[in-house]
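Chain by chain, the residues:
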Amino acid sequence: MPDLYLGLISGTSLDAIDAAVVDFSGTPHVTAARSYPLEDDLRRGALDAMAGGGQVSLAQLGELDHRFAIAFSEAARRLLSDHDIAADDISAIGSHGQTIWHAPEGDHPSTLQIGDPSLLAALSGIPVVADFRRKDMAVGGQGAPLASGWHREIFSHLAPVAIINLGGIANITLLESDATKGFDTGPANGLMDAWAYKHGKGSFDADGEFASDGEFIPALLDRLLADPYFALPPPKSTGKEVFNLSWLDAFLEGSERSADVQATLCELTARTVADAINASKARHAILMGGGVHNPLLRERLAANLSIATLETADQHGFDPDFIEAACFAWLARQRLAEQPGNVPDVTGAASETVLGGIYLP
């Protein structure tokens, strides 16, 4: 008998809501998945809120919280309808929500994901598990990355292996025979998307064409790599609160060609991810996330890897676009089973803990 959970996430790239139904009755596998583009004004509203450095009105935040819940419920409804799956067959929805703020350091660490789970439960008629990150932070963790436990569930047989997720931020999981490690390496698509949008190239650099029109600038790359974040030991996590256009502008001299800057940002992602993997025991690196569709980024990442061979998740039976959505289906199942969802060696938490709250329809 199927054991179905539905995962939902809108990532830091803010390009779409990814939805995936996962069947856990045997070896976990995705039975239905699709991406549903965000309405442009909703995307811009979220980007504006994130760009404000935390200075967003309560009215704006409340509206975004409500609208994202509606968008998540519509994505869930459409996925189930498109694949003839009854809502009653879904045990729970695991909703990551949309991260608006993530500040895991300091005296008062905080993180905020919007997309009202009470409204999502009411609209979908399905129990919702949400607010995963704050429980990990409550026990001393960074609240991110949270996918490492799921990566261990589905890829541990390949150890030693590195799992690379190139979303708005790049993060890796390092699976060894006796350990699971992981952290955010730095910027990925989010910074490149913002630079492309600023220069009239659309909301993202399609097929890496903008970056391919330039050449990376070694001196600029060296300045970017000198940012203290890259030298920090794990556990560590980051977001657009740090790696945004204001951060980039501080390193620019003003005379650079825009395409050359884009090529440098691409090289920055490739270099920082590869450096982390090169320092590990990994002999394979499995790529997932939106960055898998950028040929130049894939090429530069492969070129910077010293030992590990670069593969994609679909070579191992998983669509690289939906592993993260599937992760939140898994986290929902862990919550209902009262099983831990975090990996302390990854997040820095003092202990394993059950993640998320349950919201009934």
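Residues numbered from 1 in each chain as written. Predicted model: local features only at pLDDT ≥ 70, side-chain atom pairs only at ≥ 80, totals over all residues. Heavy atoms only, no water.

Caption draft 1: The arrangement of the overall build of the chain in detail. Broken down by element type, the chain carries 14 helices and twelve strands. Computed over C-alpha atoms, the radius of gyration of the chain comes to 19 Å, within 12% of the 21 Å expected from 2.2 N^0.38 for 361 residues, which places it in the range of a compact globule. When its C-alpha atoms are laid out on the principal axes, the chain stretches across 60 × 50 × 45 Å. A buried classification covers 54% of the 361 residues belonging to the chain. For the chain, restricting intrachain contacts to residue pairs at least 6 apart in sequence, the fraction spanning at least 24 positions comes to 69%. Counting only carbon and sulfur atoms, one obtains 49% of the accessible surface of the chain, whose full area is about 15000 Å². Separation of charge centres in the chain, based on 24 positive and 48 negative side chains, amounts to 2 Å. (Helix = DSSP H or I, 4+ residues; strand = E, 2+ residues; numbered from the N terminus. Rg over C-alpha atoms; globule rule 2.2 N^0.38 Å. Buried < 20%, exposed > 50% of the residue type's maximum accessible area, 1.4 Å probe, protein only. Contact = heavy atoms within 4.5 Å. Areas by Shrake-Rupley, 256 points an atom, 1.4 Å probe, with all protein chains shown as cover. Lys, Arg positive; Asp, Glu negative; His and termini not counted. Charge placed at Lys NZ, Arg CZ, Asp CG, Glu CD.)

Caption draft 2: Quick peek at the packing of helix 2 (residues 58-82) against helix 3 (residues 117-124). Between helix 2 and helix 3, whose axes approach to 9 Å, the crossing angle comes to 35°. Considering how the two elements wind past one another, helix 2 and helix 3 form a crossing that is right-handed. For the pair helix 2 and helix 3, contact is made by His-66, Ala-69, Ile-70, Phe-72 and Ser-73 and by Leu-119, Leu-120 and Leu-123, respectively. The residue inventory of the contact of helix 2 with helix 3, partitioned by class, reads six nonpolar, two polar and no charged. (Axes fitted to C-alpha atoms, helices over the stretch in contact; angles between N-to-C directions. Left-handed = near helix turned anticlockwise from the far one by under 90°. Nonpolar A, V, L, I, M, F, W, Y, C, P; charged D, E, K, R; others polar.)

Caption draft 3: Quick look at the packing of aromatic side chains. Inspection of every chain in the model, using the stated rule, returns twelve aromatic pairs. Ring geometry for Tyr-229 and Phe-243: centres 5.7 Å apart, planes at 80°, overall edge-to-face. With a gap of 14 residues between them, Tyr-229 in helix 9 (residues 228-231) and Phe-243 in the loop between helix 9 and helix 10 (245-249) connect regions that are remote in the sequence. One exposure class covers both Tyr-229 and Phe-243, and it is buried. (Phe/Tyr/Trp six-rings, centres within 6.5 Å; stacked < 30°, edge-to-face > 60°.)

Caption draft 4: Highlighting the pairing of strand 7 (residues 161-166). The element strand 7 is largely enclosed, with a buried count of six among its six residues. Burial along strand 7 is two-sided: Val-161, Ile-163 and Asn-165 facing one way and Ala-162, Ile-164 and Leu-166 facing the other are all buried. Of the strand pairs in this sheet, strand 7 and strand 10 (residues 284-288) are connected by five bridges, and their pairing is parallel. When the bridges of strand 10 are listed, Val-161 appears paired with His-284. (Pairing = 2+ DSSP bridges.)

Caption draft 5: View of the environment of Ser-95. Its location among the elements puts Ser-95 in strand 4 (residues 90-103). On a C-alpha basis, the gap between Ser-95 and Leu-6 in space is 8.4 Å, while along the polypeptide they are 89 residues apart. When near neighbours in sequence (up to four residues on either side) are disregarded, Ser-95 contacts Leu-8, Phe-72, Leu-120, Val-128, Val-129, Ala-130, Asp-131 and Phe-132.

Caption draft 6: Geometry of unusual backbone geometry. Note the cis peptide between Ala-144 and Pro-145, where omega equals -15°. For Pro-145, the location among the structural elements is in the loop between helix 4 (133-138) and helix 5 (148-155). For the peptide bond that leads from Ala-159 to Pro-160, omega is 0°, which places it in the cis range. As for its placement among the helices and strands, Pro-160 is situated in the loop between helix 5 and strand 7.

By themselves, these figures tell us nothing about what the structure is for.
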